[in-house]
Structure formats: structure tokens, C-alpha cells
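A look at the structure
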2 protein chains.
Amino acid sequence: MDRVLKDITPRSEDFSQWYVDVVTKADLIDYAPVKGFTVLKPYGYRIWELIQGFMDARFKATGHQNAYFPVLIPESLLKKEADHVEGFAPEVAWVTHGGEEELAERLAVRPTSEAMIGAMYSRWVESYRDLPLLINQWCSVVRWEKATRPFLRAREFLWQEGHTAHRTQAEAEAETAQMLGVYRETIEQELAIPTVAGPKSAEERFAGAVNTLTLEGLMGDGRALQLGTSHFLGQNFAKAFDIGFLDEDGVRRHCWTTSWGTSYRLIGALIMLHGDDRGLRLPPLVAPVQVVIVPIGKGEDRERVTAAAHALQAELSEWRVTVDDRPEYTPGWKYNDWEMRGVPLRVELGPRDLKAGSVVLVRRDTGEKESLGRDALAGPDGAVARTLAEIQQNLYRQAEAFRASNSSVVADCAGVQARSTRGLFWGHWCGDVGCEAQVKQETGATIRCLPSGGEWSPEGAEAEGPCLGCGRPATITAVFARAY
Amino acid sequence: MDRVLKDITPRSEDFSQWYVDVVTKADLIDYAPVKGFTVLKPYGYRIWELIQGFMDARFKATGHQNAYFPVLIPESLLKKEADHVEGFAPEVAWVTHGGEEELAERLAVRPTSEAMIGAMYSRWVESYRDLPLLINQWCSVVRWEKATRPFLRAREFLWQEGHTAHRTQAEAEAETAQMLGVYRETIEQELAIPTVAGPKSAEERFAGAVNTLTLEGLMGDGRALQLGTSHFLGQNFAKAFDIGFLDEDGVRRHCWTTSWGTSYRLIGALIMLHGDDRGLRLPPLVAPVQVVIVPIGKGEDRERVTAAAHALQAELSEWRVTVDDRPEYTPGWKYNDWEMRGVPLRVELGPRDLKAGSVVLVRRDTGEKESLGRDALAGPDGAVARTLAEIQQNLYRQAEAFRASNSSVVADCAGVQARSTRGLFWGHWCGDVGCEAQVKQETGATIRCLPSGGEWSPEGAEAEGPCLGCGRPATITAVFARAY
């Protein structure tokens, strides 16, 4: 093992340091010269673009349109919804000067856009015919976090925020559920991350929401990560911002609104779930480079294998393929480098392969090597298409298996402590906020969501059982975990 | 003429008011509840997405990658390049507080990212093998402008900024020219806007640049608009931020850098060049809706024509097609509404058309109506494909003709004044900054660019002539105009 991998702390030794090593060495992120801010480097940004592509297509297919709202929000607007400002005020960055003049009112650098969008919607909606209003925004937001961590918690992060207004409560609730479904499709199908879905407890809700639906994923260190949330806002924001409409019967009513968001922390989830001691393992559908071709050969062989590698790249133009012909590195160094970057499939091409008309194919997920005819690679039924599809599926299956072996049914806090609060814990809860706080204090685990009966659960999960806090019989099933 | 058009001031009467009317009535932009800020509404945002798509594909085809850099830039970083900070400091919005604490150093909301990116490049570039570094960023920037105007001058606007670092001066200069060419292709081919290209005079250069190349367009009121700029930054930023590399010969050298940008003011240009008294006229390639189908029929006809309209929409799925079946509006109202929004092609479909198997096709650019068989519409050789291509070309030809009739060759300031400084003026300049200022003072026209001999020019333009300022013989050809 050479320089590339020596730079990375083994995952089993120190998960947290391994994560930071991978994030920086795989060229996803660099630290910026502003405390708590990072730069999303081209390789990381490309993953985000691919995720955006899948999400955005689904947003549009469900009738949403993109728009752009100001990055600065007047303090008075932010204050209109009381719970909302209470939740966000402590972490807002404030603009107090524009050019050389001091502003009469300070402006928040957007922490989220409910307030700004609420103010606009109150002007845009007049009649029931203007509804539903279905808008999404791709942007960055700023939150003055104290402890930061690349992708997961940063003072600025990239995200999307959907904001919709509806005529009826039922329609808004259906939208809230629909968008969680859109997130789930993307996260499970393209990111290969199994999720548990359900509402949050009141304590864990979005500031100002009536109900928050969440998708939770289990990361490689046994902690849970919130992957996307969809909020039913009731009429809280509609009343605070006076978003109303003249209904068909001539009566003016307030709208029912929703908001929903996912961020580039999904890239953090990819790393923390699929990564291993050798670095990243990217699902092919969101890999910036799906296939790397490494020509092997010195002296007079070099030119021939390099030309053959580029010819092969042209044959595989359906996929995102790179030829690594950098003369300054050895093939072994390149293998490690691209493995660290998570490229799903490697093609090795040496002088002997050239003679035999063959190549060596190496899978990143399993390490399996296969020698096969060069003609067998391309096309919809070829080895590249087939193997990439297998890798995509295998990563999901591995993640499911990992989740299954790290999920347990518990009857009390001791059950959680017995596993050092690592993994997902299915238990019961009486609904009391004091019991929720008690479990957190005793175990470090919080309620991640309250899954419905239709959700996956480990063997032995029952509809009823003792509350993890007070021990009394309880009917609410809750998934507890220590979370990021 | 009904309500839709009554809301729009005639273009010939008050161009400036017409522009604002179109921008707001066509649902492109709304004013935000923060002075100087606007909201880009879905219809406007979709135009921007389409422009982004064309640009981004060309950026990638020329080897550039996207990345994302922080929105906040420390004041000390901004100050590193003296000319740069002098140019931007007066229009910076400053963050002074994060959460509840006052910051030790105030942070600029990104007015442009040379400083932040320069700081990162100084870390990323070590060897000549790391070059060239070719990165682009799509984002918004904030500049505290005093007078604002939708799309053209706003306190926040959407743009892209490319930043590259090179080993040699020649390479950086070639990049500067290449990216101007990329802009030109997009602006001329997809936006149907003819441009004049050339370097800026020293006075009009980007703050900190050695040379600024620009594309200038002529708007419908005879004023020029800067459409995109590409800057050769020499080693100014490389020295200020210490972006250096170990060259092949073992010597450490400073890089040569470039930056280049276009913004959503291109949408403003679309409006101001192609628009007419009826509103927008969008080039088909960047139109959110390329074809609108309006079913006509009351009572029992309504259902049949509406069904036929949707069936036709399905046949035309290659294009962006909308069916306007809103029951609350008359066909006439809809025609005006979609004309105002600039939709290139309208299909009218009534009960008689249904019987005859025909439709009526109406072009937005010329107003021409044509009745033709419904079967003649779809496919690569059908009427829709053909007519949209014709409209795209016709808008460009009309714009060229308009430019030709509003461009003149002048020998002195009186020549400019004789046309009330409306249009583009080809004249000569001795190169003296005093002469440049004098022309501006006497006529209101500034030097837009210094075109090469290969650029389009009106009849009678000569390589040499009297300087518009001092009257002495001069060899520099300059295009003068009053500009936005």
C-alpha cells in the first residue's frame, strides 16, 4: 500500500477521522479561509450536479417549477412567524452595512426562505384558481453553526427548498407525503441508501411546522443521519404572512402550505454509508467517473496502450469514462487513487491484453477481477452496463444487510445501552416529551422518526410495548438512534 | 385589445416603462420586500435554466468543471489586490454579526469571487502538472447598486463566473479569447442577438484586469448593453494571492489567470432587443413554452377540442408545449397573454378545424397565420420544427437589420449628437483617456469596445480617421454608444 492510502486513517480505527480524510483526499471538499466554510471542489460538485439532475427531473414531473428568491431577508419578515424566528435567530448571519452606509434594518443571510417566500406568495395568490403554487429553489443557505463537519454541518451549505401553497389541508398533506416519496426514490434508487420514513416527534419538528416527515439513514458508524424532510406547515405561515385566496364560494380563506428540503449532506451520507478503508465507493448512477481506464505499459508499449485506451473510451461514450494516462504515476498508484475516489469500475489494459484482445475489469464494490474480451464491454447488454447495474444493486443490498444487522428491538434504555447506542433501535413511546428527554439523557439516542406499520423493521418489532421512558404500555412505535 | 395589452405601455412611447411593464406582466420578475432586490419568477427562471444549459454544455466541452465557493469573503482577502478592492468596496454588503456574536473581521457578501478563488488556487496549484485549472461557478452575487433595474442592475443577480489559472501568458490569453467565443456562440445562436466583440479601453476594464474582452449588443432603444466579458488578469491576482507553481525546469513561477462572466441580464437583452408593443418575443431555443395550443369551443364542443388539444400536445412531445384550457378566459385573451409572454408559435384548434383535420398556426415574430393539416405538424420535417427554426433565424436577421440601420460612421462628436446618441457609432480614438472622457461628456457615449478589423462594421468604416476627442489622426477603431 503506497502513499494514497497511507494518508487515510482506517475506517475501523477512527470513523470520524477517516471521514474527514476521505472528504479531503478524494478532492470533494477543501476548507475555506473563513471559519466554518468549505469549498465544494469539482469532483464533489459533480456528484451534487448528478443528484440535482435526478431530483430536479422528479420535481418537474410532479408539476414544480424552479425560481429564485433574494439571499437577504429583512429581520422584520423573519420575525413574522414566532416559532420560526425562535428556531433560526440564534444561527443567522446579519448584514448591517450596504456599501458605505449603515442599513436602517439589518438583513439576514438566508437561513431558509419560508419568510421571504411567504411574503411573495401573499402577493401572488388571490384566487383559488392561482392554487396550488408549486415552487422549488436551488441555492445555498447560511447558518452560524458552532461545530462544523464537511457536508453535514457547515456555516454554508447547498440545498434545495420547495415551498407550496394549497387550497385545502388534505392537498397540502398529500403534497408533504408526495415530496418525501420523491426524496425516497432518489435516495434509494440512485444513492443506494435504504431509508426509514415517518413523522418526527414534536420536539424534533421544523421550527414553525405542524408536522415534519423525515427520511432517516443508518451510517457506517451506527449513527443515524436525517436525509431529507418534508414539512406540513398547516396555516401557520399562511396566517403569519397573510397568504389567502378568494374561494369558489366567494369566501376568503388562508392557504395551507408546505416546505421540503434536501441538501448536499446526501454526499456525506454516500461517504459514511458506502465508504470503506480504501475510501469512497460511489453508486454508479451518481459517480462523476463511472469507469476509469488505466493503460499499462512502458517505453514503446506506452503509446500503443494509451491509444487503445482512448479508443475504448470512445466506444464507451454512453458512460462517464476517464483514461488515466498521467505519465508521472505508476499503475498501482492510480488504482489506489481511483479506488479512493470511489470509481465503480476499473479497466486495466496492458500490452498482453492488447495482443489477446482482452481487458481486465475490476469492481470497486467487491474487488473482483475478471478478464474478458474487449468486444464484450460496450452496448446495452455488455459487461460495462451489466456490471455497473450490479454494483448499483449490490451497494443497496449491502446497505440493507448492514441496517438489518444493526437494528434491534428494545424494551428499555438498557437495551440501547447494551449496544453502546450504535445502530437503530425500535421501541415504544408513550408520547410524553419528558420520556423522550429521559431516553436521550440516559442513552444519547433521540427519536429519529415514528414509522408507520408499513415501514421495514427488524424481527420482533411489535405494535405495542413498554415506553422506553416510563415503562408504561405505549402504542407509538419510535426509531431511536444517536444521530448526526 | 383587452386588459392584457392595456397594461403595457407602448414601446415607442416610453421604452423604459414598456420594459418594466413587460418584465412584470410577463411574470419574469417581481419586486422583493428588500430595496433593490427582485424575485426571479418561474417563467423567468426557466429562461435562465435554458440559457444555463447551453452555456454549461459549452463550458464542459471546453474542459471546465463547476465548483462552489463560499458566499462570504473576509475583508482582508478582498483587499489583497489593490485595484480590485478599490473597484468593488463601495458596493459591498457586509456581514458583521454571526448568530449572537459580533465578528472579529467583517465578511463581504460575494460581489465576485476572484479573491476567494485566488486564495484557494494558491493552495491547489503546486506543480505545472496541476495546470491549467479550469473552474466555473454558477451562483448569485450582491452589489449595493444605487439605481436598480430588473435584470440589468440589481443588488443581487444570478450569474456564472469562470476562473482559470495557466502556465503561460499565451495560454491564458487564448483562454480569455476562447471563452468570449463560447459566450458569443450562445448569445448569437440561441439568444439570436448579434454582437460586436473587442477589448475594452483601460477606463472600462474590470477592476484588476490587464485586458477585458467584451461582447456588446444593441438594444431596441438604441442603447448598447454589455452582454458578457472575459478578463485576462495577467499575473496581478497570481501575485496578490501567491498562485505559483514549480515549473518543469524546477523554477517556481506565478500563474497567469483569467476570469469571465455572464449574468441573467441576458434575459434583459432578449426583452429589449426582440420585444415589441405586444410584449416579449422569445427565440424558440430559449423559450420556456415553444408552442401554445389554444382549444376553442363552448358547450359540448369544449370537451372535444380540449381532448384533441391534449392529444396534439402528446404528438409534439419533442417540444415544450402547453395547452391553455383555462375555462375562465376567452381565446382572444389567451392569444394576447401568450403573445405578451413571447411564445413563438400558437396553434388554434376549433370545432371546424377538428372536422377538417386542420389547425391554424400563428407565428409570434411576424403575426402570420397559416391553416394546415394537423398531420403536417409533428416530426423533424413537420411544420412545427420548420417554423420554429425559421422564427429563430428571423429574429436574428431582424436584429442584424436593426443594428445595420442604427450603426453609423462618425468623424466627430457632432456626428454622434446628430443622431441623439442613439445607436452604435464607429469612430476613431487616439488612445488618450482625456479624449475618451471628452466624448463621453459631449455626447453621453462611452467606448463600448475596440473591435478588430474582422468584426462587422457599417459601410464606410475606415482603418484610420480623426480622433473623436482631439481630431488628430488616429488608428484605433472604437465603437461608441450610450450604454446601460
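A few points on the structure. Everything quoted here is computed from the prediction, not taken from an experiment.

Moving on to unusual backbone geometry. In this chain, A:Leu131 is followed by A:Pro132 through a cis amide linkage whose omega measures -10°. By the secondary structure assignment, A:Pro132 is in the loop between α6 (114–124) and β7 (133–142). We note that B:Asp27 has phi near 65°; this positive angle belongs to a residue other than glycine. Owing to a relative accessible area of 25%, B:Asp27 belongs among the partly exposed residues under this scheme.

With that settled, the discussion passes to the interface of chain A and chain B. Contacts between the two partners involve 55 residues from chain A, matched on the other side by 55 residues from chain B. Each partner contributes to the roughly 4,500 Å² buried at the junction of chain A and chain B, and carbon and sulfur atoms together form 63% of this total. Where chain A packs against chain B, one counts six salt bridges. Notably, a salt bridge pairs B:Asp30 with A:Arg123, separated by 2.9 Å at the nearest N-O pair. Each residue belonging to the side of chain A that touches chain B can be placed in one class, and the counts come to 35 nonpolar, eight polar and 12 charged.

Residue and element names in this part refer to chain A. Considering all chains together, one arrives at 34 aromatic pairs over all chains under this definition. Each ring, one from Phe15 and one from Trp18, has its centre 5.1 Å from the other, and the planes form 45°; the classification is tilted. Placement of both Phe15 and Trp18 in helix α2 (residues 15–25) is noted, with a separation of three residues, approximately one turn of the helix. On the basis of relative accessible area, Trp18 is assigned to the buried category, the value being 0%. Residues Phe151 and Tyr264 carry aromatic rings whose centres are separated by 5.1 Å and whose planes lie at 80° to one another, so their mutual orientation is edge-to-face. Of this pair, Phe151 sits in the loop between β7 and β8 (156–166) while Tyr264 sits in the loop between β14 (256–263) and α9 (265–274); the two residues are 113 residues apart in sequence, bridging distant segments of the chain. The exposure class of Phe151 is buried, given its relative accessible area of 2%.

The next thing to look at is the environment of A:Lys369. Residue and element names in this part refer to chain A. Mapped onto the elements, Lys369 comes out in strand β19 (residues 369–373). In this structure the C-alpha to C-alpha distance between Lys369 and Val347, which are 22 residues apart in sequence, comes to 9.7 Å. The contacts of Lys369, once residues within four sequence positions are left out, are Glu348, Val360, Leu361 and Val362.

Okay, the relation of the copies chain A and chain B next. Overlay of chain A on chain B (RMSD 0.0 Å): rotation 180°, translation along the axis 0.0 Å. Taken together, the turn and the small shift mark the pair as related by a two-fold rotation axis. Across chain A, the smallest distance between a C-alpha and the rotation axis is recorded for A:Val95, namely 2.1 Å. The fraction of interface residues of chain A whose copies in chain B are also interface residues reaches 100%, indicating that both copies meet through the same surface.

Right, let's talk about the sheet that holds strand β3 (residues 65–66) of chain B for a bit. Hydrogen bonds along the backbone pair up the strands of a sheet, which may run parallel or antiparallel. All names here are of chain B. On the basis of which strands lie adjacent, the open sheet formed by seven strands has the order β3-β7-β8-β14-β11-β10-β9 and mixed pairing. Each having just a single partner strand, β3 and β9 (196–199) make up the two edges of the open sheet. The pairing of strand β10 (residues 211–218) with strand β11 (residues 224–232) spans eight bridges and is antiparallel. Of the residues in β11, the one forming a bridge with Asn211 is Phe232. Across the sheet, helix α3 (residues 42–61) touches β3, β7 (133–142), β8 (156–166) and β14 (256–263), and the angle it forms with β7 is around 165°.

Scoring rules and cut-offs
- Residues numbered from 1 in each chain as written.
- Chains lettered and ligands numbered in written order.
- Predicted model: local features only at pLDDT ≥ 70, side-chain atom pairs only at ≥ 80, totals over all residues.
- Heavy atoms only, no water.
- Helix = DSSP H or I, 4+ residues; strand = E, 2+ residues; numbered from the N terminus.
- Buried < 20%, exposed > 50% of the residue type's maximum accessible area, 1.4 Å probe, protein only.
- Contact = heavy atoms within 4.5 Å.
- Buried area = accessible area lost by both parts, 1.4 Å probe.
- Salt bridge = Lys/Arg side-chain N within 4 Å of Asp/Glu carboxyl O.
- Nonpolar A, V, L, I, M, F, W, Y, C, P; charged D, E, K, R; others polar.
- Phe/Tyr/Trp six-rings, centres within 6.5 Å; stacked < 30°, edge-to-face > 60°.
- Least-squares fit on C-alpha atoms with pLDDT ≥ 70 in both.
- Pairing = 2+ DSSP bridges.
- Axes fitted to C-alpha atoms, helices over the stretch in contact; angles between N-to-C directions.

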